[in-house]
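# Secondary and tertiary structure notes
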Amino acid sequence: MRVGVGYDIHQLAAGRRLVLGGVKISHDKGLVGHSDADVLVHSACDAIFGAAGLGDIGQHFPDTDPAYKDISSMVLLKQTWQKARVKCPTIGNIDATIFAQQPKLAGYTREMATRIAEVLEIEPERVNIKATTTEKLGIIGREAAIAAMCVVLLE
């Protein structure tokens, strides 16, 4: 068994759509990034790469490569799993936390888990997504960013 941890944070800005776990979230701001800036999926990719001993998301999908401009992070997740499963063919489970002051995300977490599970070809019960605030502390508490952290067990 191998464990990996991933973390990502992106700034919020007007004029961008908000996508988390492959789900479009209704909000007046979205995350800024080279891709769709889905921090949840980016943290999952980093956790998977880490568990497989394959570096990080930036090494595989650099933000300097125009091929990844505005790409869906779900495509990156699929490619991540295709690379990692050669070394570790089974996902035991994924546990992730999204850190966001706004919007409230509890109503979206089940759909996020389902979409991530579909891409990874695993049962939705193996994916657990939680959301929390930072009690108005820091850049997340000021509603200027959203972050996510993920742990994955590969076998």
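Position numbers for residues start from 1 in each chain and track the written sequence from start to end. In keeping with the model being predicted, local features are shown solely for residues with a pLDDT of at least 70 and side-chain atom pairs are shown and tallied solely at 80 or more, while totals for entire chains, interfaces and linings include all residues. The basis for every side-chain value is the complete set of non-hydrogen atoms in the structure, without hydrogens or water.

- With an unreviewed UniProt entry as reference, the protein is termed 2-C-methyl-D-erythritol 2,4-cyclodiphosphate synthase, source organism Desulfosalsimonas propionicica.
- The heading Subunit (unreviewed entry) in the UniProt record of the protein holds the text "Homotrimer."
- Under the Sequence similarities (unreviewed entry) heading, UniProt states for the protein: "Belongs to the IspF family." UniProt positions are given in the numbering used here, feature names are shortened, and annotations may be inferred rather than shown by experiment.

## Here we look at the packing of helix H3 (residues 73-84) against helix H4 (residues 109-120)
- Packing of H3 against H4 brings their axes to within 9 Å, and their N-to-C directions diverge by 40°. As the angle between them shows, H3 and H4 are arranged oblique. By crossing handedness, the relation of H3 to H4 is classed as right-handed. Counted together, Met74, Leu77, Lys78 and Trp81 of H3 and Arg115, Ile116, Val119 and Leu120 of H4 form the full contact between these two elements.
- Within the contact of H3 with H4, the residues separate by chemical class into 6 nonpolar, no polar and 2 charged. Here an axis means a line fitted to C-alpha atoms, over the contact stretch when the element is a helix, while the angle between two N-to-C directions is reported on a 0 to 180 degree scale. The secondary structure listing takes helices from DSSP runs of H or I that are at least 4 residues long and strands from runs of E that are at least 2 residues long, numbered from the N terminus. Throughout, the term roughly parallel applies to angles under 35 degrees, roughly antiparallel to angles over 145, roughly perpendicular to angles from 65 to 115, and oblique to all others. For any pair of crossing helices, the crossing counts as left-handed if the nearer helix is rotated counterclockwise from the farther one by less than a right angle, and right-handed if it is rotated clockwise. The criterion used for residue contact is that any of the two residues' heavy atoms lie within 4.5 Å. Ten residue types, Ala, Val, Leu, Ile, Met, Phe, Trp, Tyr, Cys and Pro, are classed as nonpolar, four, Asp, Glu, Lys and Arg, as charged, and the remainder, Gly among them, as polar.

## Comments concerning the UniProt feature "binding site: a divalent metal cation" (unreviewed entry) in the protein
- Sites flagged by UniProt as "binding site: a divalent metal cation" (unreviewed entry) map to Asp8, His10 and His42. Spanning 35 residues, the annotated positions come together in the fold, the maximum distance between their C-alpha atoms being 10.3 Å.
- Only protein chains enter the calculation, and the probe is 1.4 Å; a residue is then buried if its accessible area is under 20% of its type maximum, exposed if over 50%, and partly exposed in between. Look at Asp8 and you get buried, because its relative accessible area is 16%.
- Every residue in contact with Asp8, bar those within four places of it in the chain, is listed here: Val39, His42, Ser43, Ile146, Ala147 and Ala148.
- For this analysis, a polar contact is any N or O atom pair within 3.5 Å, provided that within protein one partner can donate a hydrogen and the other can accept it, and provided that sequence-adjacent residues contribute only side-chain to side-chain pairs. Only 3.0 Å separates the side chain of Asp8 from the side chain of His42, close enough to count as a polar contact.
- Tracing the backbone shows His42 in helix H1 (residues 39-52).
- By relative accessible area, His42 is classed as buried at 8%.

## Things to note about the UniProt feature "domain: 2-C-methyl-D-erythritol 2,4-cyclodiphosphate synthase" (unreviewed entry) in the protein
- Mapped onto the present numbering, the UniProt feature "domain: 2-C-methyl-D-erythritol 2,4-cyclodiphosphate synthase" (unreviewed entry) falls on residues 1-154.
- Structurally, residues 1-154 is divided into 30% helix and 29% strand, and its ends, taken at the C-alpha atoms, are 6 Å apart.

## Brief notes about H1
- In this model, H1 (14 residues) spans 20 Å end to end at C-alpha, consistent with the 20 Å of a helix rising 1.5 Å per residue.
- Counted residue by residue, H1 has 13 buried out of 14 residues, so it is predominantly covered.
- Between a side-chain oxygen at the N-terminus of H1 and the backbone nitrogen of Leu40 the separation is 3.2 Å; the capping residue is Asp38. In this scheme, a helix's expected span is set at 1.5 Å multiplied by one less than its residue total.

## Overview of the packing of aromatic side chains
- Pairing of aromatic side chains here covers Phe, Tyr and the six-membered ring of Trp, requires ring centres within 6.5 Å, and sorts the geometry by plane angle: under 30 degrees stacked, over 60 edge-to-face, intermediate tilted. If you walk through the whole model with that rule in mind, you get 2 aromatic pairs.
- Ring centres of Phe49 and Phe61 lie 6.1 Å apart, and the angle between their planes is 45°; on these two criteria the pair is classed as tilted. Taken together, the positions of Phe49 in helix H1 and Phe61 in the loop between helix H2 (57-60) and H3 put the pair 12 residues apart, joining distant regions of the chain. Residue Phe49 shares its accessibility class with Phe61, and that shared class is buried.
- For the pair Phe61 and Tyr68, a centre-to-centre distance of 5.4 Å together with 75° between the ring planes defines the contact as edge-to-face.
- What makes Tyr68 buried here is its relative accessible area of 15%.
- Taken together, the ring pairs in this structure connect Phe49, Phe61 and Tyr68 into an aromatic cluster.

## Examining the pairing of strand S1 (residues 2-13)
- Pairing between two strands requires that DSSP report at least two bridges joining them. Sheet topology places S1 next to strand S7 (residues 145-154); 10 bridges connect them, and they run antiparallel. Paired with His10 across the strands is Ile146, a residue of S7.
- As paired elements, S1 and strand S4 (residues 30-31) share 2 bridges and run antiparallel to each other. The residue bridging Ala13 from the neighbouring strand is Gly30, located in S4.

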